[in-house]
Amino acid sequence: MASRLVSVATLFTLLAADVLAGNVTAEAASSAGSHFRPAIDVPSPGFWDSEDAVHRGGQAARIELVDDELHDGSHWYRLAYLDGGTRLQVFEHSDIATVGPESDMIRIETIAWKLANEVVESENRSTASDHLPAWARVRTGNTDGPSAGLMMALAYIDLLTPGALVGDIRVAGTGGIRPDGLAFPVKGIDVKVATAMLTRPDVIFVTKPPRVVENVTIVESHKERIPADGHTVGEWLNVAGYEQAGRDAAGHPRTASVVVVHDLRQALAWLCGRTDGASVCAAAHRSANIPIGT
């Protein structure tokens, strides 16, 4: 892809042009599901990964559970890239996962479930908090990989807490997740951000700045994982800075924010500032004061 930077709004306009013009195909995706067709399917402007020497397409898929009645109307979107792909696709529905229990997808999903149960108040935790129950599995078709971990953890927190965690704002993102809350970097950031724009998001969480947009929120925080003496986990991660960044974004509700996060707590803090929602702020403030995971 050309190296010039564009604003978030301009990038969305460029990608949406094919949708508005009706240049949308009906081809089924190979990784989001075998019989569900993409709601949006446009040509990719061209993304080349120099490290892996491959062109990439992108997919955004709404997070749904196996028991879809529990997550009907989800506003959470996970992102993926397709090596050799030439399309950017958005799926509102996906097939039940076909990958095995030893896959990266199921492993990261299990970590996200346990992490979410540690973040929420004890009265909201599942009785099956130590293992991922079948009904809580995410519909991921034959997609594999760890990059949906951060978004799955946020979606699970939404599932476990009363009401809609962040109201009706739309959240897309990518990043793996560790048991201690670390959101570790993943590949394909540029093509994922471009695809995420087609979901009309309010925010896109990424683990490193994309090269294709110029307006990216970066909040300074320590990169080391162990806080120095006298600092809480939240202070070390500067969750107060992320919460303020969310408040600032709330003043521009028509603008999609691209936010770099390195930890689940930072994403929760930004969402707290953006929405001022009771459930998400409770989860953000609680998690900022406790070491979680191992």
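Here is a short report on the structure shown in this document.

Parameters and conventions
Residues numbered from 1 in each chain as written. Predicted model: local features only at pLDDT ≥ 70, side-chain atom pairs only at ≥ 80, totals over all residues. Heavy atoms only, no water. 1 Å grid on protein atoms, 1.4 Å probe; cavity = no way out; pocket = protein on both sides within 12 Å on 5 of 7 lines; lining within 4 Å. Points joined across faces, edges and corners; volume = space filled by probe spheres on them. Helix = DSSP H or I, 4+ residues; strand = E, 2+ residues; numbered from the N terminus. Nonpolar A, V, L, I, M, F, W, Y, C, P; charged D, E, K, R; others polar. Core = buried A, V, L, I, M, F, W, Y, C linked by side-chain atoms within 4.5 Å. Buried < 20%, exposed > 50% of the residue type's maximum accessible area, 1.4 Å probe, protein only. Disulfide = S-S within 2.5 Å. Salt bridge = Lys/Arg side-chain N within 4 Å of Asp/Glu carboxyl O.

## Looking at empty space enclosed by the protein
Logical step 1: Summed over all chains, the structure comprises two cavities of 30 Å³ or more.
Logical step 2: Taken as a whole, the largest cavity holds about 50 Å³ of empty space.
Logical step 3: Every residue lining the largest cavity is listed: Arg78, Leu79, Ala80, Met105, Thr143, Asp144, Gly145, Ser147 and Ala148.
Logical step 4: A total of three residues in the lining of the largest cavity trace back to one element, the largest contributor, which is strand E4 (residues 76–83).
Logical step 5: Of the residues that constitute the lining of the largest cavity, the class distribution is four nonpolar, three polar and two charged.

## Brief notes about the nonpolar core
Logical step 1: Judged by nonpolar contacts, the single largest core of 57 residues is most densely connected at Trp76, Leu154, Tyr156, Phe205, Leu264 and Leu271.
Logical step 2: Those elements that provide at least two residues to this core are helix H2 (104–119), helix H3 (149–160), strand E7 (203–206), helix H5 (233–237), helix H6 (239–250), helix H7 (264–275) and helix H8 (278–287).
Logical step 3: Here this core gets ten residues from one element, more than from any other, and that element is H3.

## Topic: the state of the cysteines
Logical step 1: In total, this model carries one disulfide according to the counting rule given.
Logical step 2: Linked covalently through their sulfurs, Cys272 and Cys281 form a disulfide whose S-S length is 2.1 Å. In this structure, the disulfide formed by Cys272 and Cys281 twists by about 100° around the S-S bond and is classed as right-handed.
Logical step 3: Taking relative accessible area as the criterion, Cys272 reaches 2% and is therefore assigned buried.

## As for the pattern of salt bridges
Logical step 1: One pass over the structure, following the stated rule, counts twelve salt bridges.
Logical step 2: Between Arg286 and Glu121 there is a salt bridge; the shortest N-O distance is 3.8 Å. On the criterion of sequence distance, the pair formed by Arg286 in helix H8 and Glu121 in the loop between H2 and H3 is long-range, its members being 165 residues apart.
Logical step 3: By relative accessible area, Glu121 is classed as partly exposed at 33%.
Logical step 4: For Arg274, the salt bridge goes to Asp202, with nearest N and O atoms at 3.6 Å. Placement of the pair is Arg274 in helix H7 and Asp202 in the loop between helix H4 (189–196) and E7, with a sequence separation of 72 residues.
Logical step 5: Members of the salt-bridge network, linked through shared partners, are Asp49, Arg56 and Asp83.

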